[in-house]
Amino acid sequence: MGLIDVSGLSVTFIAAGRRVRAVRDVSFSVGRGESYGIVGESGSGKSTVLRALVGLAPVSGGQMTMDGAALQGARPAAFYRKVQMVFQDPYASLHPRHTVDRVLSEPLAIHGFTDRDARIARALDDVGLGQGFRFRYPHQLSGGQRQRVAIARAIILEPEVLLLDEPTSALDASIQAEVLNLLDRLRGERGLTYVLVSHDLAVVAHMCERLLVMQHGRAVEEMTRESLRAQAATQDYTRALLTASEGYRPA
Amino acid sequence: MSGALLTVDNLRISFPTRQGRAEVVRGVSFTLGRERLGIVGESGSGKSQTGRAILGLTPPPGRAEADTLRFDGRDLRHATAADWRSLRGRRISMVMQDPKFSLNPVMSIGRQLMEAAARTASSRTEARAKALAMLEAVQIRDPERVFHAYPHELSGGMGQRVMIAMMLIPEPDLLIADEPTSALDVTVQIEVLRILDALVKERGMGLIFISHDLRLVSSFCDRVLVMYAGRVVEEVKASDLMQAKHPYTQGLFRCLPRIEGGTRPLPTLQRDAEWAR
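Residues numbered from 1 in each chain as written. Chains lettered and ligands numbered in written order. Predicted model: local features only at pLDDT ≥ 70, side-chain atom pairs only at ≥ 80, totals over all residues. Heavy atoms only, no water.

**Digging into the pattern of salt bridges**
Residues and elements named next belong to chain A.
So, point 1. One pass over the structure, following the stated rule, counts 32 salt bridges over all chains.
So, point 2. The partner of Asp67 in a salt bridge is Arg32, with the nearest N and O atoms 2.9 Å apart. Residue Asp67 is located in the loop between β4 (59–66) and β5 (69–70), and its partner Arg32 is located in the loop between β2 (18–30) and β3 (35–40); the two are separated by 35 residues in the primary sequence.
So, point 3. Relative accessible area serves as the criterion here: at 53%, Arg32 is assigned to the exposed category.
So, point 4. One connected set of salt bridges, linked through shared partners, spans Arg32, Asp67, Lys82 and Glu160. (Salt bridge = Lys/Arg side-chain N within 4 Å of Asp/Glu carboxyl O. Helix = DSSP H or I, 4+ residues; strand = E, 2+ residues; numbered from the N terminus. Buried < 20%, exposed > 50% of the residue type's maximum accessible area, 1.4 Å probe, protein only.)

In structure tokens, the structure reads:
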């Protein structure tokens, strides 16, 4: 049994009388210390799976457990000590009128930490920003720096699991490399477990040992990094993704 | 030269700041025939501003100046508002990065597309048919539904495809595509590129493809300009991009993760102040 077990997960949104089944019967298991990727195109339900894990999506079926405990309804505060999320767009996920200091203080205040000052200093050092950034506003930071702040906000509670929703897709290639290296280093140092959602197969191949390919809300196939590298996909859709990610080929 | 659709010589774009004018594009020159020209660079390199300046869309108080800016024999440097109106959309069109800001939020997709089709269509029925056909051409699965939808009801990828459809309906001679496929899924991206490719090959459209995605540009375009800090640091044939000479281009390639595996940690780009000079 893994640290995170998801079986038969379904998420249904009801919008304007229409039922949208965003996730249908998805199962996977993530071991402690593992990095697990979810790959798919927009609308495949990959982000919704992450949101369902943290209780941000209306689950309509299936079970999720973490450390053997069932995840349902409102999560207790202790859950968020263990599980933190990093969102895709660092321009939208940081409050424009809060300084970095305030952004990082908030989770500490919510969880009743007393040594806030030292923790903020440490978190900023951990993500390679340093003290100089502590009293800046988001508009004074570049995209890569903002994403580092978002990562600092997630790791400041010393969680066990990071849920990463397209953490680098808003960033330039050179900055993406820096952020991926940072995430890699943090995982090595702290034994974190990652669930990383991305549309970029290359990012997932670099970061994750195993991955799940999703399409239209369903799991298409689960692969290991080795089978992905060997292009040993068994499903047509995965093969199409692999071909497409090599670039353009004239018909 | 008869082959050149667009000639740009020594394009400079500057914005006033408290420290004086800041030049964001510093002397960019290129010519474009009926081909696919890629402009790559990171955010802030001036690639988008270069694209906008060709359409006279440098936002004030920014200023664009050039020694030559000629499109199909017309000098665009002193173009009047009426000149621009006759060019924009009809002869030169542009697909912008973000559909959220480029589509009219209070008009249905269908109406916006029919507006684009109105000039070439003889009737409303024909305009409607054109709009629906173009939605299908950009791989929208349910064109009828999208036709009646409003922009907020579409995902980013769908909005982007709608934008592309809208820009292609008037069949322009030059299309400036600013990160047109960055919001799209890889499989859809390839389909959209195929549409653009067909337009270049069959209709002889000129295409300026602005992107940060080196791998995509190297596989799609004929020629590539690599921009850094407002300058073109390298111009190469797309097929030779892997063997690029400039350390910046090489560095950008190296820092991409690869499916087939590479080094861990990823090599990062070490910038050299020399490159910006």
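**Details of the side chain of B:Arg36**
Residues and elements named next belong to chain B.
So, point 1. Here Arg36 is to be found in strand β3 (residues 36–40).
So, point 2. You can call Arg36 buried: its relative accessible area is 10%.
So, point 3. A distance of 3.3 Å separates the side chain of Arg36 from the backbone oxygen of Phe220, its partner in a polar contact. (Polar contact = N/O pair within 3.5 Å; in protein donor to acceptor, adjacent residues only side chain to side chain.)

**Re helix α7 (residues 156–168) of chain B**
Residues and elements named next belong to chain B.
So, point 1. The terminal C-alpha atoms of α7 lie 19 Å apart, and with 13 residues this matches the ideal 18 Å at 1.5 Å per residue to within 8%.
So, point 2. Of all 13 residues making up α7, 12 are buried, and the element is well covered by its neighbours.
So, point 3. Among the residues of α7, those classed as buried are Gly157, Met158, Gly159, Gln160, Arg161, Val162, Met163, Ile164, Ala165, Met166, Met167 and Leu168. (Expected span 1.5 Å × (residues − 1).)

**Structural notes on the domain arrangement of chain B**
All names here are of chain B.
So, point 1. Under the domain assignment used here, chain B contains domain 1 (1–91 + 177–183 + 207–277) and domain 2 (95–171).
So, point 2. Placing a centre on the C-alpha atoms of domain 1 and another on those of domain 2 gives a separation of 27 Å.
So, point 3. Counting residues at the interface gives 10 residues for domain 1, matched by nine residues for domain 2.
So, point 4. Around 810 Å² of area is buried between domain 1 and domain 2 when both sides are counted, 54% of it from carbon and sulfur atoms.
So, point 5. Residue assignment for the side of domain 1 that touches domain 2 shows that the elements contributing at least two residues are α1 (47–54) and β8 (174–178). (Domains from an automatic or database assignment. Contact = heavy atoms within 4.5 Å. Buried area = accessible area lost by both parts, 1.4 Å probe.)

**Observations regarding the interface of chain A and chain B**
So, point 1. Each partner contributes residues to the interface: chain A has 32 residues there, and chain B has 30 residues.
So, point 2. Both faces considered, chain A and chain B share a buried interface measuring about 2,800 Å² in area, 56% of it formed by carbon and sulfur atoms.
So, point 3. In terms of surface lost to chain B, no three residues of chain A exceed A:Asp172, A:His206 and A:Tyr248, which account for 25% of the buried area on that side.
So, point 4. Connecting chain A to chain B are one salt bridge.
So, point 5. The salt bridge involving A:Asp184 is made with B:Arg264; its shortest N-O contact spans 2.8 Å.

**Structural notes on the pairing of β3(B)**
All names here are of chain B.
So, point 1. Of all five residues that make up β3, five are buried, and the element is covered over most of its length.
So, point 2. Burial along β3 is two-sided: the residues Arg36, Gly38 and Val40 and Leu37 and Ile39 are all buried.
So, point 3. Two elements, β3 and strand β9 (residues 206–211), share five bridges in a ladder whose sense is parallel. What sits directly across from Ile39, in β9, is Ile210.
So, point 4. In this structure, β3 lies alongside strand β10 (residues 223–228), joined through four bridges in parallel fashion. Looking at the pairing, Gly38 lines up with Val224 of β10. (Pairing = 2+ DSSP bridges.)

**Focus on the sheet that holds β3(A)**
Residues and elements named next belong to chain A.
So, point 1. Read from one edge of the open sheet, six strands run β6-β7-β8-β3-β9-β10, paired in mixed fashion. Two strands in the sheet have a free side with no partner beyond their single neighbour: β6 (83–86) and β10 (218–224). In this sheet, adjacent strand axes meet at a mean angle of 15° when their direction is disregarded.
So, point 2. Summarising the sheet, β3 and strand β8 (residues 193–198) pair through five bridges and their orientation is parallel. If you follow Val39 over to β8, its bridge partner there is Ser198.
So, point 3. Across the sheet, helix α5 (residues 143–155) touches β6 and β7 (161–165), and the angle it forms with β6 is around 170°. (Axes fitted to C-alpha atoms, helices over the stretch in contact; angles between N-to-C directions.)

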